[in-house]
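Coordinates in review
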Amino acid sequence: MPDSLPTLPPALAALLARASVPPRQLGEPGPDAAALDRAVAAALRAPDHGGLRPWRFVLIAGPARVALGGLLAASLARRDAATPPERLELERAKPLRAPLVIAAGAVLRHDHKVPLWEQEATAAAGTMNLLNALDAQGYGAIWLSSAALGDPEVKRALGFAERDALLGWIYAGTPRGERPRPERADPAPHRRWWSGP
Ligand SMILES: Cc1cc2nc3c(=O)[nH]c(=O)nc-3n(C[C@H](O)[C@H](O)[C@H](O)COP(=O)(O)O)c2cc1C
């Protein structure tokens, strides 16, 4: 696939190279405060219809990850009272897999003319910018989900209202060993020109 540019602009090269790093390959140190501030600042550059600024990133490190594990296990037990204890322990241990877990959320305006999906799209686009910014600064990260994201009690414990959205868990740290780098995907199946009906 020939590139029309002789050398890629660094920002584009970074976008093309970003890859998720699985939680178990994320070691210490987690992103430092300055790197996190830059990543959140990048999130705030996502397009934002109505200027509603829905992005909220809850940073969970150190012993707070143990508390998050407790929330996740309790949430699973509420959703399925028959969950075996070993499965609950697995859930409890999840946040300990990486130095930092970021709960990526959106404060939603249900009474606003900008539709909810657009507000969530703004929050998701911001989360993607945050992932790109962490990757570009040498950290590894991955966006994971779980049913706990929709649990009102989990939302409340993290400082969200029930009407808000939790979009995902971003696990972040320093990649252990060689970090995965993707093959550049063929864009052809994903784009086509339209010249009228
Ligand atoms: C909203 C969202 C939720 C995701 N949830 C999970 C998940 O729970 N488990 C998982 O293995 N991957 C999940 N993924 C996919 C990973 O973040 C990642 O994209 C995937 O492992 C492929 O790696 P790549 O980003 O390097 O292509 C999710 C992605 C998004 C956007």
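For clarity, every value in this text was computed on a predicted model and none was experimentally measured. (Residues numbered from 1 in each chain as written. Predicted model: local features only at pLDDT ≥ 70, side-chain atom pairs only at ≥ 80, totals over all residues. Heavy atoms only, no water.)

Here the focus is the overall build of the chain. When helices and strands are counted, the chain shows six helices and five strands. Reading the helices (α) and strands (β) of the chain from amino to carboxyl end gives α-β-α-β-α-α-β-α-β-α-β. Seen through its principal axes, the chain has C-alpha atoms that stretch 55 × 50 × 35 Å. Here the chain, with 197 residues, has 38% of them falling under the buried criterion. Taking all contacts inside the chain whose residues are at least 6 apart in sequence as the whole, residues at least 24 apart take part in 79%. Summed over all atoms, the accessible surface of the chain reaches about 11300 Å², with 58% contributed by carbon and sulfur. Within the chain, the 20 negative side-chain charges are centred at a point lying 2 Å from the centre of the 24 positive side-chain charges. (Helix = DSSP H or I, 4+ residues; strand = E, 2+ residues; numbered from the N terminus. Buried < 20%, exposed > 50% of the residue type's maximum accessible area, 1.4 Å probe, protein only. Contact = heavy atoms within 4.5 Å. Areas by Shrake-Rupley, 256 points an atom, 1.4 Å probe, with all protein chains shown as cover. Lys, Arg positive; Asp, Glu negative; His and termini not counted. Charge placed at Lys NZ, Arg CZ, Asp CG, Glu CD.)

It is worth spelling out the environment of Phe160 at this point. Within the fold, Phe160 resides in the loop between α6 (152–157) and β5 (165–175). Using a relative accessible area of 7% as the deciding quantity, one classes Phe160 as buried. Taking C-alpha positions, Phe160 is 19 Å from Glu118, a pair spaced 42 residues apart along the chain. For Phe160, the contacting residues outside a window of four places in its chain are Arg56, Val58, Gly105, Ala106, Lys155 and Leu166.

To continue, consider the UniProt feature "domain: Nitroreductase" (unreviewed entry) in the chain. Following the UniProt record, the feature "domain: Nitroreductase" (unreviewed entry) maps to residues 26–173 here. Between the C-alpha atoms that bound residues 26–173 the distance is 5 Å, and the span itself is 43% helix and 20% strand. (UniProt positions renumbered as here; feature names shortened; annotations may be inferred.)

So, about the nonpolar core. Counting 18 residues, the largest nonpolar core has Phe57, Ile102, Leu130, Leu134, Ala141 and Ile170 as its most contacted members. Looking at this core, the elements with two or more residues in it are α2 (33–43), β2 (55–61), β3 (100–106), α5 (116–136) and β5. The next biggest cluster of nonpolar side chains, apart from the first, holds 17 residues, and it includes Ile60, Leu68, Ala98 and Val154. (Core = buried A, V, L, I, M, F, W, Y, C linked by side-chain atoms within 4.5 Å.)

A word on the site of the ligand. In the neighbourhood of the ligand, the contacting residues comprise Arg18, Ala19, Ser20, Ile142, Trp143, Leu144 and Ser145. In this structure, an oxygen atom belonging to the ligand sits 2.8 Å away from a side-chain N or O atom of Arg18. Burial of the ligand by the surrounding chains reaches 46%, relative to a free accessible area of 620 Å². Classifying every residue of the shell around the ligand gives four nonpolar, two polar and one charged. (Near = heavy atom within 4 Å. Polar contact = N/O pair within 3.5 Å; in protein donor to acceptor, adjacent residues only side chain to side chain. Nonpolar A, V, L, I, M, F, W, Y, C, P; charged D, E, K, R; others polar.)

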